[in-house]
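Breakdown of the fold
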Amino acid sequence: MPDLPDWRHLSSFLAVARTGRLTVAARREGVDHSTLSRHIAALEASLETKLFERRPDGLTMTSDGERLLTAVEQMENQLAAARNDIAGRDLAVAGSVRIGAPDGISAAFLAPKLARFVCENPRLDVQIVAMPRLFNLTRREADIAIALSPPESGRLNCRKLTDYTLGLYASTDYLAQRGPVTKISDIESDPFIGYIDDLIFAPQLDYLAELVPGARASFTSSNLIAQMGAVRGGGGIGILPKFLVAGAPDLVRLLPEEVSLTRSFWLIVHADHRHVARIRAVIDFLTEETKRSRALFL
């Protein structure tokens, strides 16, 4: 199968066919005269035919040039129709939006909020990929990502969604057996619950040694929901975010005045998608809901 002509060459051909003059066509295309001439020569060589005849008053198309003009204009019209169709869909709050986010905020905040939002926008489908990992928006692993730090590179738009507070928590049953905690040294030998060291996907989560120097986690999981389950089960003390324990009355925060940690969630979207209506609508909704829920996070 022969190679298809370069679209840049076809665009130059259209400009010359419509103006009849190389200099005028070059200005329209934003290139210099010699570049436009090379495009036409390359196109004629690839098609093995002559497309224009030179006349004193400019250029006129050959019969092959006229046939090519009809075909290229059809291509141009089809591209314009496709562009308008895509733009129309991008202006509607419809279609699917995939959000990649850590498991904790996905379960405690995103899922209940976005489920209601989808009910209010029945043409919208929302997918939440709730995993403790980093999402690559350049590879289209998600349309929107919520991360623990802003991206360092890439054509990405980023804004801070919210800060959130973490603290030490234990279950009421655990504390009933081990007795009261009045200072940090009281719990240095207690069993802790935390992340698996070699599966910590972001340095912002490596905080056990920062809060309780010398502590060792005897139960670990890559999943924050599992960690909270272990704490509620009486397995020891865990470091949990405030927004996650809001619905767990059986958990007690330890030493709130002495031990506290603040981290941030960042909302990230690819620069090419930030104005797509369905994605923009989800971003605006999450931003507004997070502002309203500030007390849940801090």
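Residues numbered from 1 in each chain as written. Predicted model: local features only at pLDDT ≥ 70, side-chain atom pairs only at ≥ 80, totals over all residues. Heavy atoms only, no water.

A few words now on the packing of aromatic side chains. Counted under the stated rule, the structure contains eight aromatic pairs. Ring geometry for Tyr 164 against Phe 243: centres 5.6 Å apart, planes inclined by 75°, an arrangement best described as edge-to-face. Separated by 79 residues along the polypeptide, Tyr 164 in strand E6 (residues 156-171) and Phe 243 in helix H9 (residues 242-245) bring together distant segments of the chain. Phe 243 carries the same exposure label as Tyr 164, and that label is buried. Where Phe 243 meets Phe 297, the ring centres are 5.3 Å apart and the plane angle is 45°; that geometry is what we call tilted. On the criterion of sequence distance, the pair formed by Phe 243 in helix H9 and Phe 297 in helix H11 (residues 294-297) is long-range, its members being 54 residues apart. Each member of the pair, Phe 243 as well as Phe 297, carries the same accessibility label: buried. Pairwise contacts between aromatic rings join Phe 109, Tyr 164, Phe 243, Phe 265 and Phe 297 into one cluster. (Phe/Tyr/Trp six-rings, centres within 6.5 Å; stacked < 30°, edge-to-face > 60°. Helix = DSSP H or I, 4+ residues; strand = E, 2+ residues; numbered from the N terminus. Buried < 20%, exposed > 50% of the residue type's maximum accessible area, 1.4 Å probe, protein only.)

Let us now look at a nonpolar patch on the surface. A surface patch of nonpolar side chains, amounting to about 280 Å² of accessible area, comprises Trp 7, Met 75 and Leu 79. Within the secondary structure, Met 75 is located in helix H4 (residues 63-90). (Patch = residues over 30% accessible without salt bridge, like charges linked within 9 Å, V, L, I, M, F, W, Y side chains within 5 Å. Areas by Shrake-Rupley, 256 points an atom, 1.4 Å probe, with all protein chains shown as cover. Salt bridge = Lys/Arg side-chain N within 4 Å of Asp/Glu carboxyl O.)

As for its placement among the helices and strands, Val 129 is situated in strand E4 (residues 124-130). In this structure the C-alpha to C-alpha distance between Val 129 and Gly 236, which are 107 residues apart in sequence, comes to 29 Å. Non-local contacts of Val 129, meaning those with residues more than four positions away in its chain, are made with Arg 98, Ile 99, Gly 100, Ala 101 and Phe 135. (Contact = heavy atoms within 4.5 Å.)

The next point concerns the pairing of strand E2 (residues 58-61). For strand E1 (residues 52-55) and E2, the ladder comprises four bridges, and the chain directions are antiparallel. Counted as the bridge partner of Arg 54 is Leu 59 from E2. Linkage of E1 to E2, two consecutive antiparallel strands, is achieved through a turn of two residues. (Pairing = 2+ DSSP bridges.)

Judged by nonpolar contacts, the single largest core of 62 residues is most densely connected at Leu 110, Leu 168, Phe 265 and Val 282. The residues touching Phe 265, leaving out its near neighbours within four places in the chain, are Pro 102, Ile 105, Ile 146, Ala 147, Leu 148, Lys 160, Leu 161, Thr 162, Tyr 164, Phe 243 and Phe 297. Counting residues in each nonpolar core, the second largest holds 17 residues, with Val 16, Leu 43, Leu 59 and Val 72 among its members. (Core = buried A, V, L, I, M, F, W, Y, C linked by side-chain atoms within 4.5 Å.)

Moving on, we get to the packing of helix H1 (residues 7-19) against helix H3 (residues 33-47). Where H1 meets H3, the axes come as close as 9 Å, and the angle between the chain directions of the two elements is 110°. Between H1 and H3, the angle falls in the class roughly perpendicular. Of the residues in H3, those in contact with Arg 8, His 9, Leu 10, Ser 12, Phe 13 and Val 16 of H1 are Leu 36, His 39, Ile 40, Ala 42 and Leu 43. (Axes fitted to C-alpha atoms, helices over the stretch in contact; angles between N-to-C directions. Parallel < 35°, antiparallel > 145°, perpendicular 65-115°, else oblique.)

Under the 1.5 Å per step criterion, the end-to-end length of H1 is 18 Å for 13 residues, consistent within 8% with the ideal 18 Å. Burial in H1 covers these residues: His 9, Leu 10, Ser 12, Phe 13, Leu 14, Ala 15 and Val 16. Note on H1: the residue one or two positions beyond its end, Gly 20, has a positive phi of about 75°. (Expected span 1.5 Å × (residues − 1).)

Looking now at unusual backbone geometry. For Glu 48, which is not a glycine, the phi torsion comes out positive at approximately 55°. The topology assignment puts Glu 48 in the loop between H3 and E1. A positive phi angle, close to 50°, is found at Leu 255, a residue other than glycine. Accessibility expressed as a relative area gives 10% for Leu 255, which makes it buried.

A word on the environment of Leu 166. In this structure, Leu 166 sits in strand E6. Separated by 75 residues in sequence, Leu 166 and Pro 241 place their C-alpha atoms 4.1 Å apart. Once residues within four sequence positions are removed from consideration, Leu 166 is found in contact with Tyr 207, Ile 239, Leu 240, Pro 241, Arg 253, Ser 260, Leu 261 and Arg 263.

Before going further, it helps to examine helix H8 (residues 224-232). By the burial criterion, the buried members of H8 are Leu 224, Gln 227, Met 228, Ala 230 and Val 231. Buried residues of H8 fall within an arc of 160° about the axis and therefore sit on the same side. The N-cap residue of H8 is Asn 223: its side-chain oxygen and the backbone nitrogen of Ile 225 are 2.8 Å apart. (Arc of directions from axis to C-beta. Polar contact = N/O pair within 3.5 Å; in protein donor to acceptor, adjacent residues only side chain to side chain.)

This structure, assessed with the given rule, holds 14 salt bridges. Here Arg 133 and Glu 141 are joined by a salt bridge, their closest N and O atoms 2.6 Å apart. Of the residues examined, Arg 133 reaches a relative accessible area of 29% and is grouped as partly exposed. According to the relative accessible area criterion, Glu 141 is partly exposed, its value standing at 27%. As a salt-bridge pair, Asp 163 and Lys 160 come within 3.2 Å of each other at their nearest N and O atoms. Judged by relative accessible area, which is 25%, Asp 163 ranks as partly exposed. Here the salt bridges share partners, and the residues they tie into one network are Lys 113, Arg 116, Glu 120, Glu 288, Glu 289 and Arg 292.

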